[in-house]
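Fold and geometry: a report
The residues making up each chain are set out below.
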Amino acid sequence: MSTSTTLLLARHGQTIWHAENRYAGVSDIGLTDEGRAQADALGRWATAHRPDAIWTSPLSRAIATADPACRALGIAPHREPGLRECDFGVVEGRTLTEFAAEVPDAAEAYRADPVTYPFPGAEDPTAAAARGTEALRRIAAAHPGGRVLVVAHNTLLRLVLCALLSIPLGEYRRVFPRLRNAAITELRLGEDGSAALLSLNVPCEPDRS
């Protein structure tokens, strides 16, 4: 019988760009006051639920979101480069509406199938899904039977969920419209390669979404 690891996936807190619905991929954008409040809520959640370890993307918004939980538990976070957000190419710092006003055909193709028709200059979503999946499997292997808080990013995590759950990657925006800031998505990974989604977008606190 294989050993399963429970990964508690959390999107980082709100940033200025995300508040305006702008794409922040590899751009290192800081948290808003609301984002810091969401990080504090995640810290209180971690105090109550006591994960065994905490892993984060190397981007500062993920590190800052994990920091209250790390301080509350007295543990140091692990950094995983494979958890960084996708590079959105020419749309970094812009909204989809702005892009559509300039290049309507490309925006329409992206909306129809964001994996086959990514933004110009963007990272290949299939490659991003592969690196994110590999990162989560490495984390699970490092904590067999454990419970691990993983703080990462909206698009990367949605792609990875599709990859692990055998959902076509091109459906990620429809099946998972968004992961809420600092909400918990519980994923169980087995040593045998199996994956099970146990919960999705559960707020850390009842009054926060």
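Scoring rules and cut-offs
Counting restarts for each chain, with residues numbered from 1 along the sequence as it is written. Side-chain atom pairs in this predicted model are given and counted only at pLDDT of 80 or more, local residue features only at pLDDT of at least 70, and totals for whole chains, interfaces and linings cover all residues. Working from all heavy atoms in the structure, the side-chain values ignore hydrogens and water. In this description, a nonpolar core means a group of buried Ala, Val, Leu, Ile, Met, Phe, Trp, Tyr and Cys residues linked to one another through side-chain atoms lying within 4.5 Å. Here's how the labels work: a residue is buried when its accessible area is under 20% of the maximum for its type, exposed when over 50%, partly exposed in between, all with a 1.4 Å probe on protein chains only. Under the DSSP-based scheme used, a helix requires at least four consecutive residues in state H or I and a strand at least two consecutive residues in state E, with every element numbered from the N terminus. For this analysis, residues touch if any pair of their heavy atoms sits within 4.5 Å. Think of it this way: a Phe, Tyr or Trp ring, Trp meaning its six-membered ring, pairs with another when their centres are within 6.5 Å, and the plane angle makes it stacked under 30 degrees, edge-to-face over 60, tilted otherwise. As used in this structure description, the phrase polar contact means that two N or O atoms lie within 3.5 Å; if the pair is within protein, one of them must be able to donate a hydrogen and the other to accept it, and residues adjacent in sequence are counted only when both atoms belong to side chains. Salt bridges are counted wherever a side-chain nitrogen of Lys or Arg sits within 4 Å of a carboxyl oxygen of Asp or Glu. In a helix, the anticipated span is given by 1.5 Å times the number of residues less one.

**Thoughts on the nonpolar core**
Core analysis: the biggest nonpolar cluster contains 38 residues, and Leu 7, Leu 9, Phe 119, Leu 136, Ile 139, Val 150 and Leu 159 have the highest contact counts within it. Breaking this core down by element, the ones donating at least two residues are β1 (4-11), β2 (53-56), α4 (96-102), α5 (104-112), α6 (125-142), β4 (147-152), α7 (154-164) and β5 (184-190). Dropping the residues within four chain positions of it, Leu 7 is found in contact with Leu 136, Ile 139, Val 148, Val 150, Thr 185, Glu 186, Leu 187 and Leu 189.

**A short note on the packing of aromatic side chains**
A complete count under the given rule lists four aromatic pairs for this structure. Measuring from ring centre to ring centre gives 5.3 Å for Phe 99 and Phe 119, while their planes differ by 80 degrees; the resulting arrangement is edge-to-face. With Phe 99 in helix α4 and Phe 119 in the loop between α5 and α6, this residue pair connects regions lying 20 residues apart in the sequence. With respect to burial, Phe 99 and Phe 119 carry one shared label: buried. Note on Tyr 110 and Phe 119: the rings are 4.0 Å apart at their centroids and 25 degrees apart in plane angle, and the pair reads as stacked. Three or more aromatic residues joined by ring pairs make a cluster, and in this case those are Tyr 23, Phe 88, Phe 99, Tyr 110 and Phe 119.

**Considering the side chain of Thr 95**
Here Thr 95 is to be found in the loop between β3 (78-79) and α4. Within the structure, Thr 95 has its side chain in polar contact with the backbone nitrogen of Glu 98 (distance 3.0 Å). Discounting chain neighbours no more than four positions away, the residues touching Thr 95 are Glu 20, Asn 21 and Arg 22.

**Thoughts on the pattern of salt bridges**
Per the stated rule, a full pass over the model turns up nine salt bridges. Via salt bridges that share partners, Glu 20, Arg 22 and Glu 98 belong to a single interconnected network.

**Focus: α6**
Its 18 residues give α6 an end-to-end C-alpha distance of 26 Å, which sits within 8% of 26 Å, the value for a rise of 1.5 Å per residue. Among all positions in α6, only Pro 125, Ala 128, Ala 129, Arg 131, Gly 132, Thr 133, Ala 135, Leu 136, Ile 139 and Ala 140 are buried. Buried-residue contacts for α6 involve β1, β2, β4, α7 and β5. Two to three positions downstream of the cap, the backbone nitrogen of Thr 126 sits 3.0 Å from a side-chain oxygen, assigning the N-cap of α6 to Asp 124.

**Focus on the environment of Arg 61**
Mapping Arg 61 onto the fold places it in helix α3 (residues 60-73). Once residues lying within four places of it in the same chain are set aside, the contact partners of Arg 61 are His 12, Thr 15, His 18, Ala 24, Gly 25, Ser 27, Asp 28, Ile 29, Leu 31, Glu 85 and His 153. At 2.6 Å, the side chain of Arg 61 forms a polar contact with the backbone oxygen of Ala 24.

Any link to function would need more than the numbers given here.
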